[in-house]
Amino acid sequence: VSTQSTGSSGINAEYGDYTITELLGQSDDGRTVFTRGHIADKEGDTIVLFETNSIDLEKVKLFLTTESVLKLTMTNDIFNIFHVDPPPGTNSIKTTVIHPATPKLINKYRQRPSYFVTETPEIYETVTRPYIMEHLKDHQWVYNVLEGKAEQDRIICQVDNPDEGFMLAADLKWDMTTTENLYCLAIVRRRDIYSVRDLNTSHLPMLHNLRDTCLAAIKSKFGVPSSLLRVYFHYQPAYYHLHVHFAHMRYQVGAPVIGKSLAFGDVLQNIELCGDYYQRATLRYYIKDGHALSKELDKHGIIVRE
């Protein structure tokens, strides 16, 4: 689940002409390009993401036919490399339109250097938590999903209990068809758990149920066993409403990285060993230069830049 919304008819038919004003950057795997621009007859900035889809194995047989345009770029003994323009419809580009794009979202997609932060419990209480409380108003889109007002066609399973309930939904990055790109988010219903920093022993029953229920639902509906799934938290998260990531092992966009991800099993074990582990622990993460939180950390001299 994310803040993005897509137009089913493409940019021109659905939104009008799009003029790029800034190339914000691209994903680490090079599959997605982030752009900023303006749509004709609409006010405000727009972000458009252009992503190359995984190759449909059923359409590979069409690539080397008379319907494709091939240009030989290199030959060496038995090796021949071509540039291939496949037939229309065989390798389309997924296009995600975000409008109006807030400054926060523009900054999210703009490539900038990142720095590691060592966050003690004291830093969390004096800097991070006040920042979180000031930005809870940014979460209306999460509440829309939980309240059944948006993205209901992407829900995989849910538990309605207000205290221990949650909802598992397919992230908009996933087409819900290509299992190797499976990427889902489980969002808890409680609105007072912002990140792993808030988790303690009292939350263990909910976390165990969330994991077991979501893994069973993914296996039942998509045939993907738990042994092929990464389950993890982000810290810092993209938004401060507790959610858990479920991603296929072969989906590199969802691959956990040091300084960003915490394995779900490790979080459970830490809390089982020490009930208030995440209120006592020093956590290390990286944060992008220019992020609103990094500015607050800078005010306190916490980020070391030299």
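Please read these numbers as outputs of a predicted model, since none were measured by experiment.

> Sorry if this is basic, but what is going on with the pattern of salt bridges here?
As a working rule, side chains carrying opposite charge can pair if their charged atoms are close by. According to the stated counting rule, one finds 14 salt bridges in the structure shown. Here arginine 36 makes a salt bridge to aspartate 45, at a shortest N to O gap of 3.1 Å. Owing to a relative accessible area of 19%, aspartate 45 belongs among the buried residues under this scheme. For aspartate 160, the salt bridge identified is with arginine 189, shortest N-O distance 3.2 Å. Of the two residues, aspartate 160 sits in the loop between strand E8 (155–159) and strand E9 (166–170) while arginine 189 sits in the loop between strand E10 (183–188) and helix H5 (204–222), which places them 29 residues apart along the sequence. A relative accessible area of 57% places aspartate 160 in the exposed class. According to the relative accessible area criterion, arginine 189 is buried, its value standing at 15%. Overlapping salt bridges bring together Glu22, Arg36, Asp45 and Arg110 as one network.

> Which parts of the structure should I look at to understand the packing of aromatic side chains?
Between two aromatic rings, the relevant description is the distance of the centres plus the angle of the planes. Across all of its chains, the model carries nine aromatic pairs by this definition. Arranged with centres 6.1 Å apart and planes meeting at 80 degrees, the rings of tyrosine 131 and tyrosine 240 form a pair that is edge-to-face. Residue tyrosine 131 is found in helix H3 (residues 121–134), and its partner tyrosine 240 is found in the loop between strand E11 (229–234) and strand E12 (243–248); the two are separated by 109 residues along the sequence. Classification of tyrosine 131 by relative accessible area gives buried; the value is 4%. On the basis of relative accessible area, tyrosine 240 is assigned to the buried category, the value being 5%.

Conventions we followed
- Residues numbered from 1 in each chain as written.
- Predicted model: local features only at pLDDT ≥ 70, side-chain atom pairs only at ≥ 80, totals over all residues.
- Heavy atoms only, no water.
- Salt bridge = Lys/Arg side-chain N within 4 Å of Asp/Glu carboxyl O.
- Buried < 20%, exposed > 50% of the residue type's maximum accessible area, 1.4 Å probe, protein only.
- Helix = DSSP H or I, 4+ residues; strand = E, 2+ residues; numbered from the N terminus.
- Phe/Tyr/Trp six-rings, centres within 6.5 Å; stacked < 30°, edge-to-face > 60°.

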